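# Descriptive analysis of the structure
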Amino acid sequence: MIEHKELENGFQYIEVNNHHATAKIALQGAHLFHYQAINKEPLLWLSKKAYFEKEKAIRGGVPICFPWFGKDNTDPSLPQHGFARKQVWKLISTHELADGSTNLQFMLTPNKETRALWDYSFVLIYDVTVGKKLTLKLSTINTDTQAFEITQALHSYFNVSDIKNVSIEGLENSIYYDSLEQALAKQHKALSISEEVDRVYFDASSKITLLDGDRKIELNQEGSNSLVVWNPWKEKSETMTDMNDDGYKTMVCLETANALKDFRIVKAGETYSLKVIISQN
Ligand code: TA6
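Summarised in this report is the structure supplied together with it. (Residues numbered from 1 in each chain as written. Predicted model: local features only at pLDDT ≥ 70, side-chain atom pairs only at ≥ 80, totals over all residues. Heavy atoms only, no water.)

In the vicinity of the ligand, the residues found are Arg-59, Phe-69, Gln-80, His-81, Arg-85, His-155, Asp-198, Val-228, Trp-230 and Glu-255. Taking Arg-59, its side chain carries an N or O atom lying 2.9 Å from an oxygen atom of the ligand. At 2.5 Å from an oxygen atom of the ligand is found a side-chain nitrogen or oxygen belonging to Asp-198. When the ligand is considered free in solution it has 390 Å² of accessible area, and contact with the protein chains removes 80% of it. The pocket occupied by the ligand, as judged from atoms lying within 2 Å of grid points, is the largest pocket. Of the residues in the shell around the ligand, the class split is 3 nonpolar, 3 polar and 4 charged. (Near = heavy atom within 4 Å. Polar contact = N/O pair within 3.5 Å; in protein donor to acceptor, adjacent residues only side chain to side chain. Areas by Shrake-Rupley, 256 points an atom, 1.4 Å probe, with all protein chains shown as cover. 1 Å grid on protein atoms, 1.4 Å probe; cavity = no way out; pocket = protein on both sides within 12 Å on 5 of 7 lines; lining within 4 Å. Sits in = over half its atoms within 2 Å of the grid points. Nonpolar A, V, L, I, M, F, W, Y, C, P; charged D, E, K, R; others polar.)

Listed below in structure tokens is the structure:
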């Protein structure tokens, strides 16, 4: 079942209920902010102080970072992570699939706000399939007459029992850029987190496993050679107005990305897709 819902302040979202899972996706940012498979914990973390307001990014779920990840290379004063997560997208199709999953497609096209920030013609199609697994696919269609460069991320916040219980596999032996140290380093074994972490792993495995006690969450990625791992830890959480002070204890971001040197050039008339299939035991 697919329902159009609206908060008292007019904030619109889509609610999906089927035999496999429930999900909620805001039209602003095509922002998936809730996914919970039947008889499982909520997969995605959502701040207790998240904004659900026009032009404010929702703290949690899966923000879409496009057409740049992080600060814009040319002008750092531009909005962090681009404009896609603050634009209102259109729900262009819904399908109840034969296996009981629900597929939804959202679309974003340029407007005067996007052109003021990034003057290209494009069509973004975000394909969300809510089933026993969660499949997210962001396709960029270059409808311009010239090529353009993008960096992007499906900036997924995962709900964990306690960050102390977490181990992340699939990063072993990969080189990462440490945004805090502003230096490259190498990951030698599975990653556990006991301080602020803000890293872009290059050429990690296309299969990343998040272990949280006896929970096992698997990300199978396509179209990405960079995975972002972020936990703000205590001090930074306390500076964020839309994050509860202890929020860092129950979340970790594993972001399927094309970030930093993993940028992509999309030629005129071509399409580039970034995809992640998330499954849990
Ligand atoms: O997740 C990587 C990152 O770039 C971090 O540096 C941190 O800024 C995070 O994104 C959240 O960004 P936001 O603009 O949503 O506060």
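Now that the structure has been shown, the text picks up again.
What follows covers empty space enclosed by the protein. Overall, the coordinates contain 1 cavity of 30 Å³ or more when judged by the stated rule. Approximately 40 Å³ is the volume found for the largest cavity. Residue lining of the largest cavity: Tyr-201, Asp-203, Ala-204, Ser-205, Ser-206, Gln-221, Ser-224, Asn-225, Ser-226 and Leu-227, and that is the complete set. (Points joined across faces, edges and corners; volume = space filled by probe spheres on them.)

Looking now at the sheet that holds strand β22 (residues 271–280). Reading across from one edge, β6-β7-β8-β9-β22-β18-β17-β13 is the order of the 8 strands in this open sheet, with antiparallel pairing throughout. Looking at which strands have only one partner, the edges of the open sheet turn out to be β6 (90–96) and β13 (166–169). Between one strand axis and the next, the sheet turns by 15° as a mean value, whatever way the strands run. Two strands pair when backbone bridges link them, and strand β18 (residues 215–222) and β22 are joined in this way by 6 bridges, in the antiparallel orientation. Across the sheet, Gln-221 pairs through a bridge with Val-276, a residue of β22. (Pairing = 2+ DSSP bridges. Helix = DSSP H or I, 4+ residues; strand = E, 2+ residues; numbered from the N terminus. Axes fitted to C-alpha atoms, helices over the stretch in contact; angles between N-to-C directions.)

Generally speaking, a soluble globular protein has its nonpolar side chains buried in company with each other. Core analysis: the largest hydrophobic core is formed by 61 residues, its most contacted members being Trp-89, Phe-106, Tyr-126, Phe-158, Ile-168 and Val-229. Ranked by residues supplied to this core, first place goes to strand β8 (residues 122–130) with 5 residues. If sequence neighbours within four positions are ignored, Phe-106 has contacts with Ile-14, Ile-25, Leu-27, Ala-30, Trp-89, Lys-90, Leu-91, Ile-92, Leu-124, Ile-125, Tyr-126 and Val-128. Counting residues in each nonpolar core, the second largest holds 8 residues, with Ala-153, Phe-202, Val-228 and Ala-259 among its members. (Core = buried A, V, L, I, M, F, W, Y, C linked by side-chain atoms within 4.5 Å. Buried < 20%, exposed > 50% of the residue type's maximum accessible area, 1.4 Å probe, protein only. Contact = heavy atoms within 4.5 Å.)

Here Thr-140 is to be found in strand β9 (residues 134–142). By relative accessible area, Thr-140 is classed as buried at 0%. If we skip the residues at most four places from it in the chain, Thr-140 touches Phe-66, Val-123, Leu-124, Phe-148, Ile-150, Gln-152, Val-266, Glu-270, Thr-271 and Tyr-272.

Our next topic: the sheet that holds strand β3 (residues 21–26). Strands in a sheet are paired, the pairing made by backbone hydrogen bonds, and the direction either parallel or antiparallel. Pairing is antiparallel across the open sheet formed by 4 strands, whose spatial order is β1-β2-β3-β4. Either end of the sheet is taken by a strand with one partner, and the two such strands are β1 (2–6) and β4 (31–37). Along the sheet, successive strands turn relative to each other by an average axial angle of 15°, direction set aside. The pairing of β1 with strand β2 (residues 12–17) spans 5 bridges and is classified as antiparallel. Bridging across to β2, Lys-5 finds its partner in Tyr-13.

On to the side chain of Thr-209. Tracing the backbone shows Thr-209 in strand β17 (residues 207–212). Residue classification places Thr-209 among the buried residues on the basis of a relative accessible area of 6%. Thr-209 has contacts with Ser-167, Ile-168, Glu-169, Lys-216, Ile-217 and Glu-218, leaving out every residue within four places of it along the chain.

Purely geometric numbers; function is a separate question.
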